[in-house]
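A look at the structure
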Amino acid sequence: MYVVLLGLPGAGKGTQAQRLKQATGLAHISSGDLFRENIGKGTDLGKRAKEYVDGGLLVPDEITIGMILDRIARPDCAGGFMLDGFPRNTGQAEALDTALTGSGRAIDRTLYIKVGKEDLVNRLAGRWTCTGCGAVYHEVNHPPKQPGVCDNCGAALSQREDDRADVVRKRIEIQFENLEPLLEYYRRQGKLSEVDGARDAEAVTADLLRLIAE
Ligand code: AP5
Ligand code: MG
Ligand code: ZN
């Protein structure tokens, strides 16, 4: 099963991918996490991506596409994957389709997690992420048992550099522009399903699992 998760910043792609991974065993590949990992380690790719990620801009396709195609060629993706944050424009979607066709694979389903713009800013302003295992929390919607500490692994929680209000607005705007053409791309292929993401995370997961099992 090869799945793409689509949604604006803060729609819950990462939250849902972690929950779906537990239920399905599919590999979770997040382009944003890969960039942050490379930036943290100071790799060449990280150095090239940093100014874009910090500023909330799209990293150029020539960096992003290669990074993801390398990642999905690894053994843990052979049994299926969920892509989170990629593709983000139709050029990336075409490159993905071409690469998958070349290895005898194809995207089975694209799941769009729909949340209104108004909710997104609040979600991102209150987000805390575990520095150890990557678990995602929210100050109000999904707080950890002890402030600043991960329930799963006990590591410290931190806030993302690009969750500052001005950068958040820019990220939402840029991705909003790219989203409709991308939805249309998958709609034409008959692969697009939409779920209402403005509900409890549990309800969203149940819908996504049902769609994956169809
Ligand atoms: P990326 O890391 O992908 O950021 P994003 O798309 O902006 O998405 P987020 O991770 O912010 O949101 P999410 O949907 O995962 O929400 P989450 O589950 O955390 O990309 C970062 C940057 O990398 C980009 O800006 C760009 O520079 C670069 N980049 C990445 N991919 C690229 C590409 N393909 N091409 C070019 N550049 C690329 O949830 C958010 C909050 O809401 C959390 O606090 C959570 O607890 C809460 N929440 C989640 N679900 C619910 C719910 N149902 N109800 C209430 N609260 C909820
Ligand atoms: Mg995310
Ligand atoms: Zn953790």
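In the block above lies the structure referred to throughout.
Here goes a summary of the coordinates provided. If you're wondering where the values come from, they're calculated on a predicted model, not measured in any experiment.

Before going further, it helps to examine the coordination of the zinc ion (ligand 3). Within the protein, the atoms that donate to the zinc ion (ligand 3) are Cys 130 (SG), Cys 133 (SG), Cys 150 (SG) and Cys 153 (SG), at distances of 2.3 to 2.4 Å. Geometry at the zinc ion (ligand 3) is tetrahedral, judged from its 4 donor atoms and the angles of 98 to 118 degrees they form at the metal. Read in sequence order, the donor residues coordinating the zinc ion (ligand 3) give the pattern C-x2-C-x16-C-x2-C. Of this pair, Cys 130 sits in strand β5 (residues 127–130) while Cys 153 sits in the loop between β6 (136–138) and β7 (157–158); the two residues are 23 residues apart in sequence, bridging distant segments of the chain. Taking relative accessible area as the criterion, Cys 130 reaches 5% and is therefore assigned buried.

Time to look at the sheet that holds β7. Spatially, the 3 strands line up as an open sheet ordered β6-β5-β7, and their pairing is antiparallel. At either margin of the open sheet sits one strand with a lone partner, and together these are β6 and β7. Two elements, β5 and β6, share 3 bridges in a ladder whose sense is antiparallel. Note that in β6 the partner of Trp 128 across the bridge is Tyr 137.

With that settled, consider the pattern of salt bridges. Taken as a whole and assessed by the stated rule, the structure comprises 19 salt bridges. Where Arg 109 meets Glu 214, a salt bridge forms, and the shortest distance between an N and an O atom there is 3.4 Å. On the criterion of sequence distance, the pair formed by Arg 109 in strand β4 (residues 109–114) and Glu 214 in the segment after α8 (201–213) is long-range, its members being 105 residues apart. Residue classification places Arg 109 among the buried residues on the basis of a relative accessible area of 16%. Residue Glu 214 is classed as exposed on the basis of its relative accessible area of 60%. For the salt bridge of Arg 187 with Glu 184, the shortest nitrogen-to-oxygen distance reads 2.8 Å. Linking Arg 187 with Glu 184, this pair stays in helix α7 (residues 165–188), spanning 3 residues, or about one helical turn. Under the relative-accessibility criterion, Arg 187 is labelled partly exposed at 40%. Linked through salt bridges whose partners overlap, the residues forming this network are Arg 109, Asp 196, Arg 199, Asp 207, Arg 210 and Glu 214.

Conventions used here
Residues numbered from 1 in each chain as written. Chains lettered and ligands numbered in written order. Predicted model: local features only at pLDDT ≥ 70, side-chain atom pairs only at ≥ 80, totals over all residues. Heavy atoms only, no water. Donors = N, O, S within 2.8 Å, 3.2 Å for Na, K, Ca; no water. Tetrahedral: all angles 85-135°; square planar, octahedral: opposite > 155°, others 65-115°. Helix = DSSP H or I, 4+ residues; strand = E, 2+ residues; numbered from the N terminus. Buried < 20%, exposed > 50% of the residue type's maximum accessible area, 1.4 Å probe, protein only. Pairing = 2+ DSSP bridges. Salt bridge = Lys/Arg side-chain N within 4 Å of Asp/Glu carboxyl O.

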